[in-house]
Amino acid sequence: MFELIRLPYSPDALEPVISARTLSFHHGKHLQAYVDNLNKLLPASGLEELSLEEIVKKATGPLFNNAGQVLNHEMYFQQFRPAAESVEPPTGKLLQQIEKQWRTLDAFKAEFEQKGVGLFGSGWVWLQANAAGELSIAQYAGADNPVAHGLKPLLTFDVWEHAYYLDYQNRRAAHLVALWNITDWSIIEERYYNC
Ligand SMILES: [Fe+2]
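Residues numbered from 1 in each chain as written. Predicted model: local features only at pLDDT ≥ 70, side-chain atom pairs only at ≥ 80, totals over all residues.

Draft legend 1. How the structure looks around the overall build of the protein. Along the backbone of the protein there are eight helices and three strands. The order of α-helices and β-strands along the protein, N terminus first, is α-α-α-α-α-β-β-β-α-α-α. Its C-alpha atoms put the protein at 50 × 40 × 30 Å along the principal axes. The burial tally for the protein puts 32% of its 195 residues in the buried class. Nonlocal contacts in the protein, meaning residues at least 24 apart in sequence, comprise 67% of its contacts between residues at least 6 apart. (Helix = DSSP H or I, 4+ residues; strand = E, 2+ residues; numbered from the N terminus. Buried ≥ 20, exposed ≤ 12 C-beta atoms within 10 Å, placed from the backbone. Contact = placed C-beta atoms within 7 Å.)

Okay, structure coming up:
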């Protein structure tokens, strides 16, 4: 049985980037529903002994959709830090690789935002790494994610409307730009180092 993750910050900690109201629906209703559906679909699937990542790699149909959404949201919610804390830019190996491939962090962010804005419909924009540590930015529709494609998931922005509509309505671009103010790069670095 999978359980809803606890958020590592208080419900209003991400304001004004993500309101407590959005967070309560997104985490308490949307993610809870994916967890509940995953738990309903797992018995008799033959995959019930596997880790979430292994389920995502092997499942298809509704089981894939719900397992994928649980994995996506867990990584999404765990990569943020309270808005009141100052944001430290990435350092070390991750920054070196970003600068090698995009020249500057700002150029990387611009492509990430542009791919998030340009994704048609519901989905996720991801920073992912391959086995050689090379980075790429990818658009994934629905519940799809890097794990399903054998890649390492590092950073993700949720572009389903439920992630921002209460606070930003149709202004997806403004929401994505604001997310950098709560992105905890130390967590993204840790994910990259564990590649
Ligand atoms: Fe979401």
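Next comes the rest of the write-up.
Draft legend 2. Structural view of the nonpolar core. In terms of nonpolar packing, the biggest core is built from 26 residues, with Leu 14, Val 125 and Leu 127 touching the most fellow members. Among the secondary structure elements, those contributing two or more residues to this core are α4 (92–102), α5 (105–118), β1 (123–129), β2 (135–141), β3 (152–158) and α7 (172–179). The biggest single contributor to this core is β1, with four residues. Discounting chain neighbours no more than four positions away, the residues touching Leu 127 are Phe 112, Leu 135, Ile 137, Leu 154 and Leu 155. Residues Leu 42, Ala 59, Val 70 and Leu 71 belong to the second largest nonpolar core, which totals 14 residues. (Core = buried A, V, L, I, M, F, W, Y, C linked by C-beta atoms within 7 Å.)

Draft legend 3. Summary view of the pairing of β3. Of all seven residues in β3, six are buried; the element is thus mostly enclosed. Inspection of the sheet shows β1 paired to β3 by six bridges, in the antiparallel sense. Opposite Leu 127, over in β3, you have Leu 155 as the bridge partner. (Pairing = 2+ DSSP bridges.)

Draft legend 4. Here's a closer look at the packing of α5 against α7. Where α5 contacts α7, the axes come no closer than 9 Å and their chain directions differ by 145°. Handedness of the crossing formed by α5 with α7: right-handed. The residues of α7 that touch α5, namely those facing Glu 113, Gly 116 and Val 117, are Arg 172, Ala 173, Leu 176 and Val 177. Of the residues belonging to the contact of α5 with α7, the class tally is four nonpolar, one polar and two charged. (Axes fitted to C-alpha atoms, helices over the stretch in contact; angles between N-to-C directions. Left-handed = near helix turned anticlockwise from the far one by under 90°. Nonpolar A, V, L, I, M, F, W, Y, C, P; charged D, E, K, R; others polar.)

Draft legend 5. Representation of the pairing of β2 in the model. Across seven bridges, β1 lies against β2 in antiparallel orientation. Across the sheet, Leu 127 pairs through a bridge with Ile 137, a residue of β2. Taking the residues between adjacent antiparallel strands as the criterion, β1 and β2 are bridged by five residues, where Gly 133 takes a positive phi near 85°.

Draft legend 6. The arrangement of the domain arrangement of the protein in detail. As far as domains go, the protein holds domain 1 (20–77) and domain 2 (92–193). At the junction of the two partners, domain 1 supplies 16 residues and domain 2 supplies 14 residues. For the side of domain 1 that touches domain 2, the secondary-structure elements that each account for two or more residues are α1 (20–41), α2 (52–58) and α3 (61–77). Residue contributions to the side of domain 1 that touches domain 2 peak at eight residues, all from α3. Counted by class, the side of domain 1 that touches domain 2 contains six nonpolar, seven polar and three charged residues. (Domains from an automatic or database assignment.)

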